[in-house]
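Structural characterization, general
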Amino acid sequence: IFGLSTTLYTCIGGLKAVVWSDSLQAVLMYTGVFTLIVKGLRHPRVGGLGRVWSVAVESGRTAELFRSDPRIDQYNSIWINIFSGTITYLSSFGVNQIAIQRYASLPSLRKAQNIIYCTMIPLLILCSIVAFIGFITLAYFYNCNPIETGEITDTDHITILFARDILIPTPGLFGLYVSCIMSATLSTLSSGMNSMAAAVYEDFLKRKLDGEITDHQATLLNKAIVVICGITSTALAFAAEPLGGVLRVCVSVTGAISGPMVGIFVLAMFFPRSGFWSCIISFVVSNIIMIII
């Protein structure tokens, strides 16, 4: 349903619909997560901010954030967070097609730079808030694993279960949180579909079709590409489920691709004479190595 509805409004409205819907969805996302934090901290089973922090320390979650072990064969450490975070955010805000498309739609370089700051700061805040919700959820289910008790069968469902238990007693709040999740999903999907369609048309089709089709036909072609991208991404979501959950697959794939993508742009900046095939081969080989790792 998410995939089809997002494909529909992205296809009809284009970039303008994506920008306006993203703005509304951002409001819903922040409202939903703040509501869950406030209600969660006030729940007697959570025990307030002090217990949340003590449980996080006792369980070793905070120690992982500051672990200084330089080994790369571990899930989390301060060095992994610094280096992987730097590459990931360089990819997201510097070379990502979704970001570049929005920068290019602005009338001046100065406004594009301002958009980076206006986007990065709220995103960092949102990521911190979501991580804090994880701590609250840990305190709520501490010594009572819902997977072991049979309430859920997948770790991706823990936060949903927590939100249901916390918010359902107050009419309407759980629906607000569900709309928060839907907003995040729709925002990501619509931005990705729109930018993918633009990239496919501009990089692969425009030169071949230049002068042979009208602007109206080009618009229809872009809409058709959006539909194809929407159907493909929806199908891939089902394919990712057996691999350990959509979230884990998305994080793994994004982490594997971000480094090689940033590497290509750095190569072009400092070695402009690099050839087409050298970039393609290095990018493919890097992606294969990263996915294997």
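- Naming follows an unreviewed UniProt entry, where the protein appears as Sodium-dependent multivitamin transporter of Trichostrongylus colubriformis.
- Taken from UniProt, the Sequence similarities (unreviewed entry) comment for the protein reads in full: "Belongs to the sodium:solute symporter (SSF) (TC 2.A.21) family."
- Under the Subcellular location (unreviewed entry) heading, UniProt states for the protein: "Cell membrane".

1. Some words on the nonpolar core
- Within the largest apolar cluster, 26 residues are counted, with the highest numbers of intra-cluster contacts made by Leu36, Val46, Phe162 and Leu167.
- Elements that contribute at least two residues to this core include exactly α1 (2-42), α2 (48-58), α6 (109-140), α7 (158-167) and α8 (173-209).
- At eight residues, the largest contribution of residues to this core is made by α6.
- Excluding residues within four positions of it along the chain, Val46 makes contact with Gly40, Leu41, Arg51, Val52, Ile136, Ala139, Tyr140 and Phe162.
- By size, the runner-up hydrophobic cluster in this structure holds eight residues, among which are Tyr201, Ala218, Ile225 and Val226.

2. A few points about the packing of α7 against α8
- Between α7 and α8, the least distance of the axes is 8 Å, while the angle of their chain directions is 155°. As judged from the angle between their axes, α7 and α8 are roughly antiparallel. For α7 against α8, the interelement crossing comes out right-handed. Packed against α7, whose contacting residues are Thr159, Ile160, Ala163, Arg164 and Leu167, the element α8 presents Leu173, Phe174, Tyr177 and Ile181 at the interface.
- Across the contact of α7 with α8, the residue classes break down as seven nonpolar, one polar and one charged.

3. Some remarks on the pattern of salt bridges
- As enumerated under the stated definition, the model contains two salt bridges in all.
- Salt-bridge contacts for Arg164 lead to Asp165; the nearest nitrogen and oxygen are separated by 3.1 Å.
- For Arg164, a relative accessible area of 37% gives the class partly exposed.
- Asp165 sits in the partly exposed class, given a relative accessible area of 22%.
- The partner of Glu202 in a salt bridge is Lys206, and the shortest N-O contact between them spans 3.6 Å. Of this pair, Glu202 and Lys206 both sit in helix α8, four residues apart, roughly one helical turn.

4. Examining the packing of aromatic side chains
- The final tally for this structure, using the stated rule, is four aromatic pairs.
- For the pair Tyr140 and Phe162, a centre-to-centre distance of 5.2 Å together with 65° between the ring planes defines the contact as edge-to-face. A residue pair is termed long-range when its members are at least 10 positions apart, and Tyr140 in helix α6 and Phe162 in helix α7 qualify at 22 residues.
- Ring geometry for Phe276 versus Trp277: centroids 5.2 Å apart, planes at 80°, classification edge-to-face. Of the two residues examined, Phe276 and Trp277, each falls in the exposed class.
- In textbook terms, an aromatic cluster arises when at least three aromatic residues are bridged by ring pairs, as seen for Tyr140, Phe141 and Phe162.
- Note that Arg45 overlies the ring of Tyr140, its terminal NZ or CZ placed 4.0 Å from the centroid.

5. Observations concerning α8
- Over its 37 residues, α8 runs 51 Å from end to end, which matches the ideal 54 Å to within 8%, given 1.5 Å per residue.
- Largest kink in α8: about 40°, centred on Glu202.
- Downstream of α8 by a residue or two, Gly211 has a phi angle that is positive, lying close to 85°.

6. Overview of the UniProt feature "transmembrane region" (unreviewed entry) in the protein
- Under the UniProt annotation, "transmembrane region" (unreviewed entry) lies at residues 115-142, 174-200, 220-240, 246-268 and 275-292.
- This span, residues 115-142, is 93% helix and 0% strand, and a straight line between its end C-alpha atoms measures 40 Å.
- For residues 275-292, the end-to-end C-alpha separation is 26 Å, with 94% helix and 0% strand making up the annotated structure.

7. Digging into the environment of Ala237
- By secondary structure assignment, the location of Ala237 is in helix α9 (residues 215-240).
- Taking relative accessible area as the criterion, Ala237 reaches 35% and is therefore assigned partly exposed.
- As for Ala237 and Cys250, which are separated by 13 residues in sequence, their C-alpha atoms are 9.6 Å apart.

Cut-off values and rules
Residues numbered from 1 in each chain as written. Predicted model: local features only at pLDDT ≥ 70, side-chain atom pairs only at ≥ 80, totals over all residues. Heavy atoms only, no water. UniProt positions renumbered as here; feature names shortened; annotations may be inferred. Core = buried A, V, L, I, M, F, W, Y, C linked by side-chain atoms within 4.5 Å. Buried < 20%, exposed > 50% of the residue type's maximum accessible area, 1.4 Å probe, protein only. Helix = DSSP H or I, 4+ residues; strand = E, 2+ residues; numbered from the N terminus. Contact = heavy atoms within 4.5 Å. Axes fitted to C-alpha atoms, helices over the stretch in contact; angles between N-to-C directions. Parallel < 35°, antiparallel > 145°, perpendicular 65-115°, else oblique. Left-handed = near helix turned anticlockwise from the far one by under 90°. Nonpolar A, V, L, I, M, F, W, Y, C, P; charged D, E, K, R; others polar. Salt bridge = Lys/Arg side-chain N within 4 Å of Asp/Glu carboxyl O. Phe/Tyr/Trp six-rings, centres within 6.5 Å; stacked < 30°, edge-to-face > 60°. Lys NZ or Arg CZ within 6 Å of the ring centre and 35° of its normal. Expected span 1.5 Å × (residues − 1). Bend = angle between axes of the 7 residues up to and from the residue.

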